[in-house]
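Read off the chains here:
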Amino acid sequence: MGGFWIYGEWGENGFHPVVYELISVARRLAPKLAEKVTVVVLGTDDLREAARELFRYGVEKVLLFIHPELSYFRDDLYAEILAAAIKERDPSVFLFGATAEGQALAPRVAGLLGLGLTAHCIAFEVDDEARLIQIRPSFGENVMAKIVSKTRPQMATVRPGVFPKAEPQASGEGEPEEIRLSEVPKSVLRRRAVYPVPRKESPLSEAKVVVAGGRGLLTKENFEKLHELAKLLSGAVGATRPVCHLGWISEEHMIGVSGETVAPRLYIGFGISGALQHTVGMEGSEVVVAVNTDPEATLMQRADIAVVGDATRILPLLIRRIREIKEGRDGAS
Amino acid sequence: MNLIVCLKPVPEPGTVKVDPETHTLKRASSELIINPPDRFALEMAVELKERYGGKVTALMMGPPNAVPLLKEAYALGADELVLLSDRAFAGSDTLATSYALAKAIQKLSPFDLVLMGKASIDGETAQVGPETGAWLGIPSITQVKTLVRGENDAWVARRIFEDFEEEVEFSPPAVITVEPETNDPRPPSLKRLLAVRNLEPQVLSARQVDCDPTKTGLSGSPTQVLDVFTPTYEGKREVLSGEPEEVVEKLVSILRERGLI
Ligand SMILES: Cc1cc2nc3c(=O)[nH]c(=O)nc-3n(C[C@H](O)[C@H](O)[C@H](O)COP(=O)(O)OP(=O)(O)OC[C@H]3O[C@@H](n4cnc5c(N)ncnc54)[C@H](O)[C@@H]3O)c2cc1C
Ligand SMILES: Nc1ncnc2c1ncn2[C@@H]1O[C@H](COP(=O)(O)O)[C@@H](O)[C@H]1O
C-alpha cells in the first residue's frame with residue numbers, strides 16, 4: 001500500500017504548526033518516491049472536521065484512527081496503534097515533528113518495530129535509488145551528516161520552524177479514511193491533570209527582522225546597541241550561545257540548535273562566525289547580512305551581503321544612518 | 001526499590017573526531033565525561049532512594065576507559081556500577097544502543113524504574129529512552145520533572161510538553177527520561193570517593209547479556225551515515241569593504257533598494 005506518512009499531532013488549538021511544515025516537505029518529496037502525501041491522525045470523533053481541512057493543504061490522504069481512548073496522547077497506546085498501522089499498510093516514509101510529543105512517540109514506534117530513526121533533520125533529498133537522504137547537523141563536530149535508513153518506513157523527526165508551512169490552496173477536498181477501532185491495547189498511563197504553561201512566546205520566531213550578535217562585538221555595551229537597531233527596524237535581537245553564556249543577553253534570545261529557529265526576511269549577524277550549531281537556526285532567513293572582520297568566516301560565505309569590517313564601529317554607524325532615514329532627515333528620499 | 005540509571009559517556013565538547021572510514025565518531029581519543037543531562041537523572045534516582053529506600057544501579061555502555069565515570073557516579077550516590085562493554089557494540093546507532101541497554105537491564109531484573117537523561121550532548125537525539133521502553137515492553141515517560149509515589153502501587157510523574165505540563169499516573173516498571181535543570185545535583189561525597197577506590201564496576205559483555213549479534217554495533221544499526229560534510233555556500237553574494245562609513249552607506253542603500261528597511 002505504501003504512502004509518505006506524516007504524524008498529525010494535534011492539541012487544544014488544532015493541528016500543531018509543524019504538521020503544516022511536514023506537509024510542505026512531503027509535497028516536495030512524495031512525488032519523487034511515487035507516494036501519496038498521507039497524514040495519520042489518532043483521536044476521537046471530534047477531529048473529523050479538522051482532519052477534512054487538511055486536504056486544502058495538498059494532502060492526498062488522511063488516515064483517522066478513532067477510539068474514545070485516544071482522546072489524549074499516551075505514549076504506549078499511540079505507539080502500538082501506529083506500529084500496527086505500519087505493519088498493515090507498509091508506508092515508505094514516516095515523518096514526525098521533533099516536538100515533545102513527536103520525540104516521545106517516534107522512537108517508541110521505532111523500538112517496537114526495530115526501525116531506524118534519524119533525529120532533528122533539517123533537510124532531505126531523494127537519491128537515484130529512491131532512498132530518503134536525511135540530513136542533520138552532527139552536533140559534536142560542527143558538520144552535517146547524510147543518513148539513510150536500511151529499514152522501512154524510513155523514519156525521521158524534523159525540527160520545527162525549519163521548513164516553510166504549506167499554504168492552503170484554492171481547491172482540494174477529500175474525505176479522511178476513518179478507521180474505527182473496536183478495541184485498543186490497554187495503556188499503563190492515566191492522565192490525572194494538565195496544567196497549561198503559557199508558551200514562552202519568543203519574539204524571535206515570528207520576527208520579520210532579526211539583528212543578532214556574537215563574540216565579535218567584544219563587549220556587553222557594544223552588544224546592547226543591538227536593541228536600538230532592532231527597535232528602529234521593528235525587529236528582534238538574537239544571539240549566539242557564547243554571548244548568552246557571557247551574560248550579554250538572556251538565553252531566550254539564543255539562535256541555533258540549543259535555542260530558537262528564526263526565518264525572517266532580513267537577518268543581520270554582527271561578529272558571528274557562523275558555526276553550524278548557530279546557522280541551523282537561521283537557515284530559513286531570506287536575506288542574510290554578515291558583518292565580520294574576517295571575510296573567510298563561515299557566515300560571511302553564507303551571507304547574501306558580506307560586510308568586511310569592525311562590527312563595533314559599523315553597528316553604531318548603521319544605527320545612526322537608519323535613524324536619520326526613519327526620522328526623514330534623509331536627503332535622498 | 002531497584003532503580004537503574006543509564007549514564008552515557010560522552011566526549012568533552014570540542015574533542016571529537018570523525019572516523020573517515022565509517023563516518024562514526026571516534027571516542028577513544030577524547031576525554032570522556034558523564035553526559036551532563038544524565039546527572040539530573042542520577043540525582044533524581046538518589047533522591048528517590050533516600051525517600052523510599054532501595055538501591056541505585058548506574059549502567060553505562062561504553063569503552064573500558066569509562067570506568068572512572070562510573071566511580072564518579074558512585075561518589076554522586078549510585079550503589080552498584082555496571083559497565084556494558086564489548087567491541088561488538090562499536091558504531092551502534094540509537095536503536096542498537098537501546099537494544100543493548102534493554103538486554104542489560106533485563107539481566108539486572110527485577111527493577112522498578114529506569115531513569116535516563118533527556119538527551120545526550122553528542123548525539124542529542126533523545127531517542128534512546130523511549131526505544132529502550134519499547135524493547136522492554138514497558139511504558140516510557142519523557143521529560144519528567146518530578147516523580148512521587150502515589151496510592152497503592154501507583155506513581156505520579158509530572159512531565160513537560162510544549163504548552164502544558166501533565167500529571168500522569170502509572171504502575172512501574174517504566175522508563176523515565178528526566179528533564180534537565182529540574183533538580184540540583186549534589187557534589188561528590190568525600191566518604192564515597194574514598195570508598196570507591198577499592199571498588200570495581202561489574203563488566204558485562206554482549207554475550208553475557210544475551211545480545212543477538214545481528215542487532216548490535218554498526219551492522220545491527222538500521223541507520224547508516226553515508227557522508228559527513230561541511231556546508232559550502234556558493235551564492236552570488238555581495239562583498240562590501242572599505243571604510244566603515246562607506247560600507248554602511250552601501251549597505252543601507254542595498255537594503256533600501258530591496259525594500260528591507
Ligand atoms: C552541543 C552544542 C550546541 C551548541 N548550540 C549552539 C546554539 O544553539 N547557538 C549558537 O549560537 N551556538 C551554539 N553552540 C556554539 C557554537 O558551536 C559556536 O561556538 C558559536 O555559535 C560561536 O559563537 P560566535 O560566533 O559568537 O563566536 P566565535 O565563533 O568566537 O566568532 C566570533 C566572530 O567574530 C569575528 N570578529 C572578531 N572581532 C570582530 C570585530 N571587531 N568585528 C566583527 N567581527 C569580529 C571573528 O572573526 C569571528 O568570526 C553550540 C555548541 C555545541 C558543542
Ligand atoms: N551508551 C549509553 N550508555 C548508557 N546510557 C545511554 C547510552 N546512550 C544513551 N544513553 C541514555 O539515553 C539518554 C538519551 O540519549 P540520546 O538518545 O543519545 O540523546 C541519555 O541521556 C542516557 O541516559
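By the naming in an unreviewed UniProt entry, chain B is Electron transfer flavoprotein, beta subunit, taken from Thermosulfurimonas dismutans.

Under an unreviewed UniProt entry, chain A has the name Electron transfer flavoprotein, alpha subunit and belongs to Thermosulfurimonas dismutans. In the Sequence similarities (unreviewed entry) part of its UniProt record, chain A is described as follows: "Belongs to the ETF alpha-subunit/FixB family."

On the basis of which strands lie adjacent, the open sheet formed by six strands has the order 15(A)-14(A)-16(A)-17(A)-18(A)-15(B) and parallel pairing. Every other strand in the sheet has two partners, leaving strand 15 (236-239) of chain A together with strand 15 (238-240) of chain B as the edge strands with one partner each. Across the sheet, the mean angle from the axis of one strand to that of its neighbour is 20°, orientation sign disregarded. Sheet topology places strand 14 (residues 209-213) of chain A next to strand 15 of chain A; four bridges connect them, and they run parallel. Bridging from a neighbouring strand, Val210 of chain A pairs with Ala236 of chain A of strand 15 of chain A. Of the strands in this sheet, strand 16 (266-270), strand 17 (287-292) and strand 18 (305-308) of chain A are in contact with helix 10 (residues 311-326) of chain A, which crosses strand 16 of chain A at around 140°.

Here we take up the UniProt feature "binding site: FAD" (unreviewed entry) in chain A. Residues and elements named next belong to chain A. UniProt marks Arg215, Thr240, Arg241, Gly271, Ile272, Ser273, Gly274, Ala275, Leu276, Gln277, His278 and Asn292 with the feature "binding site: FAD" (unreviewed entry), using the numbering shown here. As for its placement among the helices and strands, His278 is situated in helix 8 (residues 276-279). Those residues within four positions of His278 in sequence are excluded, and the remaining contacts are Ala239, Thr240, Ile255, Gly256, Tyr267 and Ile272. A distance of 2.8 Å separates polar atoms of two side chains, one belonging to His278 and the other to Tyr267.

This next bit is on the packing of aromatic side chains. All names here are of chain A. Scanning the model with the defined rule gives 11 aromatic pairs over all chains in all. Aromatic side chains Tyr20 and Tyr57 sit 4.7 Å apart centroid to centroid with 55° between the ring planes, which places their arrangement in the tilted category. Of this pair, Tyr20 sits in helix 1 (residues 17-29) while Tyr57 is found in the loop between helix 2 (48-53) and strand 5 (61-66), placing the two residues 37 residues apart along the sequence. Given the relative accessible area of 14%, Tyr57 is considered buried.

So, on to the environment of Glu245 of chain B. For Glu245 of chain B, the location among the structural elements is in helix 6 (residues 244-257). As a C-alpha pair, Glu245 of chain B and Asp227 of chain B span 18 residues in sequence and 44 Å in three-dimensional space. In contact with Glu245 of chain B, not counting residues within four places along its chain, are Arg313 and Leu317 of chain A.

Taken in spatial order, the four strands make up an open sheet running 8(A)-9(A)-10(A)-14(B), and their pairing is antiparallel. Edge positions in the open sheet fall to strand 8 (123-126) of chain A together with strand 14 (223-229) of chain B, since each of these has one partner strand only. Within the sheet, the average angular offset between the axes of one strand and its neighbour, ignoring direction, is 30°. Of the pairings in the sheet, the one linking strand 9 (residues 132-138) of chain A to strand 10 (residues 143-149) of chain A comprises five bridges and is antiparallel in character. Looking at strand 10 of chain A, one finds that Pro137 of chain A is bridged to Met144 of chain A.

Calculation rules
- Residues numbered from 1 in each chain as written.
- Chains lettered and ligands numbered in written order.
- Predicted model: local features only at pLDDT ≥ 70, side-chain atom pairs only at ≥ 80, totals over all residues.
- Heavy atoms only, no water.
- UniProt positions renumbered as here; feature names shortened; annotations may be inferred.
- Pairing = 2+ DSSP bridges.
- Helix = DSSP H or I, 4+ residues; strand = E, 2+ residues; numbered from the N terminus.
- Axes fitted to C-alpha atoms, helices over the stretch in contact; angles between N-to-C directions.
- Contact = heavy atoms within 4.5 Å.
- Polar contact = N/O pair within 3.5 Å; in protein donor to acceptor, adjacent residues only side chain to side chain.
- Phe/Tyr/Trp six-rings, centres within 6.5 Å; stacked < 30°, edge-to-face > 60°.
- Buried < 20%, exposed > 50% of the residue type's maximum accessible area, 1.4 Å probe, protein only.

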